[in-house]
Amino acid sequence: MLQLQFINFNKGSYIVVEGKANSDRFFIIQKGNVQCYKSSGSGIQPFVLGPGDFVGVVPCMSGHLQIETAIAMTDVVAIAVRKDQYTELIEKNTSVALKIIRTFANRMRQMNEMLTKATLNSQSIDSSEQILKVAQFYEKAAKLNISIYAYYQYLKTRPIGPQAEEAKKKFIQLKTRTNAPYFEPTKEMAREYPKDTMIFSEAQSGQDMYIIQSGEVAISKIVDGNEVTLAILHKGDMFGEMALLENKPRSASAIAHSDCKLLVVNLANFNQMVTTQASLIARLTTTLADRLWSMYRQLDNANLKDPIAKMIDMLSLQLEKQKIVIEKLTNKSQQTDLTPKDLVNMCGIPNELQAKAIYDFQNDSHIKMVDGKIFIKDIPELTKQAAFYRKQNQ
């Protein structure tokens, strides 16, 4: 039987503290108001939560450190929910899970915009013109299977006009030279995408969510002629949930980073999952929490100015995603699957600065190159250096 604990916090009490590891539970506010804020330099403004809102869900469900500090503005009464109680909680009250998931989706959309602005000092716009820019970018990069998909989606939204005529010419020229699958949604629940094909484009409409059965998927954005890789997702990860939950255009593109197999979840299937498959919804909550934690952490990286500092910190972030416990390491070195080019894309380093950044990074004392991939010599030293860069920036 589910037994939840009520906890009283006096006015001025700290409920959670940024950077601390006390994340085995989260809190549902029953009475009172709570102010949340993140350390200076992040760009995230303080905000206030009230009855029915949640505190500490992201670190609890993701298993990472606290991402913000929360202080009781008034006397507060809250319900404490342990992570191992979450599945049982949502079995009895699916509205709790839906509210958490929709809150995550809304915050992720906001974080996407903040990341884009902090990384490239610009913002992308959800419009058909943005889809055209995506198509043109990947055509210039000679990734034609991606480009032709984006041209097709642009023509769906803008079938007439001077730019449409040019897009039609491009589409016809590329059609015989490409093998992009799934220009249109199908009834298939399982789909296969070859490497370097587009699953969906940013600014495109659509309400399907995807679960990766095998392979990898890159989530990226194009702004002012630059590509920012927001995440590289792996087997078991889910993506596309924001469009499904909010019925808004896609906030980023999804591209097959390797040959991949995907399970498709539409709105009807999702609603059925919420009411009948609590364990799957708990897994989705954990997946979204992981991704949102990563976006908070990536925002810290985006605010670093020096390219080498950004690349070292981004490499450290990939280790943090693996939840490596430094103190328990027996082998302090690690071979990665990442190239320096992967890192500069993740950091959003402008094209004109990439060559020098890659050269300087390859000569950094913390890493060496093995078969074109990054080898970390000493994980504790690398993470310590990354923490220094972030502290210095604050």
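Residues numbered from 1 in each chain as written. Predicted model: local features only at pLDDT ≥ 70, side-chain atom pairs only at ≥ 80, totals over all residues. Heavy atoms only, no water.

A closer look at the overall build of the protein
Part 1: A tally of regular secondary structure across the protein gives 13 helices and 19 strands.
Part 2: For a compact globule of 394 residues, the expected C-alpha radius of gyration is about 21 Å, and the protein comes in at 22 Å, within 12% of that figure.
Part 3: Within the span of the protein, comprising 394 residues, buried residues form 53% of the whole.
Part 4: At a minimum sequence separation of 6, the contacts of the protein that also span at least 24 residues come to 74%.
Part 5: Of the roughly 18400 Å² of accessible surface on the protein, a fraction of 51% belongs to carbon and sulfur atoms.
Part 6: Distance between charge centres in the protein, computed from 48 positive and 41 negative side chains, equals 2 Å. (Helix = DSSP H or I, 4+ residues; strand = E, 2+ residues; numbered from the N terminus. Rg over C-alpha atoms; globule rule 2.2 N^0.38 Å. Buried < 20%, exposed > 50% of the residue type's maximum accessible area, 1.4 Å probe, protein only. Contact = heavy atoms within 4.5 Å. Areas by Shrake-Rupley, 256 points an atom, 1.4 Å probe, with all protein chains shown as cover. Lys, Arg positive; Asp, Glu negative; His and termini not counted. Charge placed at Lys NZ, Arg CZ, Asp CG, Glu CD.)

Brief notes about the sheet that holds strand β14 (residues 238-239)
Part 1: Read across the sheet, 4 strands follow the order β9-β16-β11-β14 without closing on themselves; strand pairing throughout is antiparallel. Edge positions in the open sheet fall to β9 (190-193) and β14, since each of these has one partner strand only.
Part 2: Looking at chain direction, β9 and strand β16 (residues 260-265) are connected through 4 bridges and run antiparallel. Counted as the bridge partner of Glu 192 is Lys 261 from β16. (Pairing = 2+ DSSP bridges.)

Structural notes on the sheet that holds strand β17 (residues 334-335)
Part 1: Sheet architecture is open: 3 strands sit in the order β17-β19-β18, paired in antiparallel fashion. A single partner strand is all that each edge strand has here, and the edge strands are β17 and β18 (367-370).
Part 2: Relative to strand β19 (residues 373-376), β17 runs antiparallel, the two being bridged by 2 bridges. Each bridged residue has a counterpart across the sheet, and for Gln 335 the counterpart in β19 is Phe 375.

Let's talk about the pattern of salt bridges
Part 1: Tallied over the entire structure, the rule returns 17 salt bridges.
Part 2: Across the pair Asp 360 and Lys 356 runs a salt bridge, and its minimum N-O distance is 2.7 Å. Note that Asp 360 and Lys 356 are positioned in helix α12 (residues 351-362) at a spacing of 4 residues, about one turn of the helix.
Part 3: Taking relative accessible area as the criterion, Lys 356 reaches 58% and is therefore assigned exposed.
Part 4: Between Glu 381 and Lys 384 there is a salt bridge; the shortest N-O distance is 3.5 Å. On the criterion of helical spacing, the pair formed by Glu 381 and Lys 384 is a turn pair, its members being 3 residues apart in helix α13 (residues 379-393).
Part 5: Through salt bridges with shared partners, a single ionic network connects Arg 297, Asp 313, Glu 320 and Arg 390. (Salt bridge = Lys/Arg side-chain N within 4 Å of Asp/Glu carboxyl O.)

Let's talk about the side chain of Ser 253
Part 1: Its location among the elements puts Ser 253 in strand β15 (residues 253-256).
Part 2: For Ser 253, a relative accessible area of 1% corresponds to the buried category.

A few points about the packing of aromatic side chains
Part 1: On inspection of all chains with the given rule, the structure shows 13 aromatic pairs.
Part 2: Measuring from centroid to centroid gives 6.2 Å for Phe 388 and Tyr 389, while their planes differ by 50°, and the two rings are tilted.
Part 3: The partly exposed category is assigned to Phe 388, whose relative accessible area is 45%.
Part 4: For Tyr 389, a relative accessible area of 17% puts it in the buried group.
Part 5: An aromatic cluster is built from Tyr 149, Tyr 152, Phe 171 and Phe 183, whose rings are joined through pairwise contacts.
Part 6: The side chain of Arg 191 reaches across the aromatic face of Tyr 182, ending 5.4 Å from its centre. (Phe/Tyr/Trp six-rings, centres within 6.5 Å; stacked < 30°, edge-to-face > 60°. Lys NZ or Arg CZ within 6 Å of the ring centre and 35° of its normal.)

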